[in-house]
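Below, each chain spelled out in residue letters.
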Amino acid sequence: MAMKFIPIAKPILIGKEKEYIEQCVKTGWISSQGEFIDKFEQAFAKYCGVKYGVANANGTTALHLALAALGIGPGDEVIAPDLTFISPVNAIIYTGAEPVLVDADKETWNIDIDKIEKEITQKTKAIIVVHLYGHPSRLDKILEIAKKYNLFVIEDCAEAHGAEYLGGKIGGFGHVSCFSFYGNKIITTGGGGMCLTNDKKLADKMRILLNHGMSPKKRYWHDQIGFNYRLTNIQAAIGLAQLEQIHKFLEEREQISAAYNRHLKDIDGLILPPSKDWAKPVCWLYSIIINRKEPKIRDRLIEGLRENNIDARPFFYPIHKMPPYKKYLKANQTFKTAEYLSKRGMSLPSYQALKKSDIKFICQTIKNVISS
Ligand SMILES: Cc1ncc(COP(=O)(O)O)c(C=O)c1O
């Protein structure tokens, strides 16, 4: 019998997704207007405790919209972590501004807050903070720095839906927060994104920009150059159905994380996912650091898992190492922690339908590779 494949992520569409999609099909509202867009925006903003939600095409467009609406452009600098998925840095470059990369923090794997101030110049306009692999960044410290230097804070919450920082949901701390609903995210719309803000003017501006910059008062009149970053009603319908299940999803993911922790805690040199007392992380992708001496052990583990039909993935590459981004490096910058984490970090299958027996098998495979 063929061995079953265990993917790293998998959308679980077991709520009202089909019912809501059928409503779109029946009514013909399948494009970028329709009741589900408003409903999804309002419900998601409410869930995060923020006033306004602006749905758009994906997490990258959400970041680009946020930066554009904040007026960031050529001549500006924006601080971003070196260890993250590429989107925030690409979004900065799309505006014409320059990304300024900052090393990672060894404990939370997020941007190292102690290294931010050193990178601030007259040109700095904003900080993008990413809550990586489900663990919140130290938001109060970042907001303090931002206040001192009069900078905007954009939270990239793509990987941390529902996570909490000092008792408040992430996404409500920065001037704008950006979410992705790609298929591997905690809730998904297939592809989709959302910007949240408490600032009505900013929300209105983002809404105009995502619709080609079209004036809301005069159709087909453009006072500015915008983008086509619209989300469709069908995608929003899926999003609303997913949001209705988010508590359950997060609980199930918490159990998955706890099961992995139980199986892996006694293996020497494995660093399990961070969980600081000031944060309530979520299990987006259960991620670990392999702090062991054997050469290339992280890569051997990924190979060993793949040989057993289990998908696992390495951490992101440090952005400063990749050719298009090298030019943004500044003199005397070091990224030792991002480099260390990137070489030794890996993520394991994490989705609601993952069975206890799958987790046991995955962990046993890890143990077998380590002892071989
Ligand atoms: C931290 C982070 N930001 C942004 C994105 C971009 O989202 P999207 O793929 O929806 O553009 C992702 C992942 O997809 C991500 O992991």
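Note that the structure is predicted; figures quoted are calculated from it, not measured. (Residues numbered from 1 in each chain as written. Predicted model: local features only at pLDDT ≥ 70, side-chain atom pairs only at ≥ 80, totals over all residues.)

K.L.:
Before we go on, may I ask you to explain the sheet that holds strand β12 (residues 286–290) in this structure?
P.N.:
Strand pairing in a sheet is mediated by backbone hydrogen bonds. Such pairs are either parallel or antiparallel. Reading across from one edge, β10-β12-β14-β13 is the order of the 4 strands in this open sheet, with antiparallel pairing throughout. Looking at which strands have only one partner, the edges of the open sheet turn out to be β10 (270–271) and β13 (313–314). Bridging between β10 and β12 involves 2 bridges; their strand directions are antiparallel. From the neighbouring strand, leucine 270 faces β12, where its bridge partner is isoleucine 290. Contacts from helix α8 (residues 246–264) reach β10, β12 and β14 (345–348) within the one sheet, and its direction differs from that of β12 by about 25°. (Pairing = 2+ DSSP bridges. Helix = DSSP H or I, 4+ residues; strand = E, 2+ residues; numbered from the N terminus. Contact = placed C-beta atoms within 7 Å. Axes fitted to C-alpha atoms, helices over the stretch in contact; angles between N-to-C directions.)

K.L.:
Help me understand the packing of helix α9 (residues 297–307) against helix α11 (residues 356–371) in this model?
P.N.:
Each packed pair of helices is defined by two parameters, the angle between the axes and the distance between the axes. Where α9 meets α11, the axes come as close as 9 Å, and the angle between the chain directions of the two elements is 130°. Between α9 and α11, the angle is such that the two are oblique. Crossing of α9 over α11 shows right-handed handedness. Two secondary-structure elements touch here, α9 through Arg300, Leu301, Gly304 and Leu305 and α11 through Ile362, Thr365, Ile366 and Val369. Here the contact of α9 with α11 is built from residues that sort into 5 nonpolar, 2 polar and 1 charged. (Parallel < 35°, antiparallel > 145°, perpendicular 65-115°, else oblique. Left-handed = near helix turned anticlockwise from the far one by under 90°. Nonpolar A, V, L, I, M, F, W, Y, C, P; charged D, E, K, R; others polar.)

K.L.:
Sorry if this is basic, but what is going on with the site of the ligand here?
P.N.:
Within the structure, the ligand sits among 14 residues, and Asn58, Gly59, Thr60, Ser87 and Ser180 are positioned closest to it. Class assignment of the residues belonging to the shell around the ligand gives a composition of 5 nonpolar, 7 polar and 2 charged. (Near = placed C-beta within 6 Å.)

K.L.:
Got a minute to help me understand the pairing of β12 in this structure?
P.N.:
Two faces make up the sheet, and in a regular strand the side chains alternate between them. Of all 5 residues that make up β12, 5 are buried, and the element is covered over most of its length. Along β12, one buried face is formed by Tyr286, Ile288 and Ile290 and the opposite face, lined by Ser287 and Ile289, is buried too. (Buried ≥ 20, exposed ≤ 12 C-beta atoms within 10 Å, placed from the backbone.)

K.L.:
Would you mind going over the nonpolar core with me for this structure?
P.N.:
The biggest cluster of nonpolar side chains holds 113 residues, and the ones touching the most others in it are Leu65, Ala66, Val78, Ala126, Ile127 and Cys195. Counting contributing residues, this core receives three or more from each of domain 1 (17–243) and domain 2 (246–371). Residues in contact with cysteine 195, not counting those within four places in the same chain, are Val54, Asn56, Ala62, Leu65, Ala66, Val176, Cys178 and Met206. (Core = buried A, V, L, I, M, F, W, Y, C linked by C-beta atoms within 7 Å. Domains from an automatic or database assignment.)

K.L.:
Hey, could you run me through the UniProt feature "active site" (unreviewed entry) in the protein chain in this one?
P.N.:
In the numbering adopted here, UniProt assigns the feature "active site" (unreviewed entry) to Lys185. Considering the arrangement of structural elements, one finds lysine 185 in the loop between β8 (176–180) and β9 (193–197). Ignoring anything within four residues of it in the chain, the contact list for lysine 185 reads Ala158, His161 and Ser180. (UniProt positions renumbered as here; feature names shortened; annotations may be inferred.)

K.L.:
What's the story with α8 in this structure? I'm lost.
P.N.:
Here α8 contains 19 residues, and its C-alpha end-to-end distance of 27 Å stays within 8% of the 27 Å for a straight helix at 1.5 Å per residue. When we look at burial in α8, the residues that qualify are Phe249, Leu250, Arg253, Ile256, Ser257 and Tyr260. Looking straight down α8, one finds its buried side chains confined to an arc of 115°; they lie on one side. In α8, those exposed residues whose orientation departs by more than 90 degrees from the buried face are His247, Glu251, Ala258 and Arg262. Of the surrounding elements, those touching the buried residues of α8 are β12, β14 and α11. (Expected span 1.5 Å × (residues − 1). Arc of directions from axis to C-beta.)

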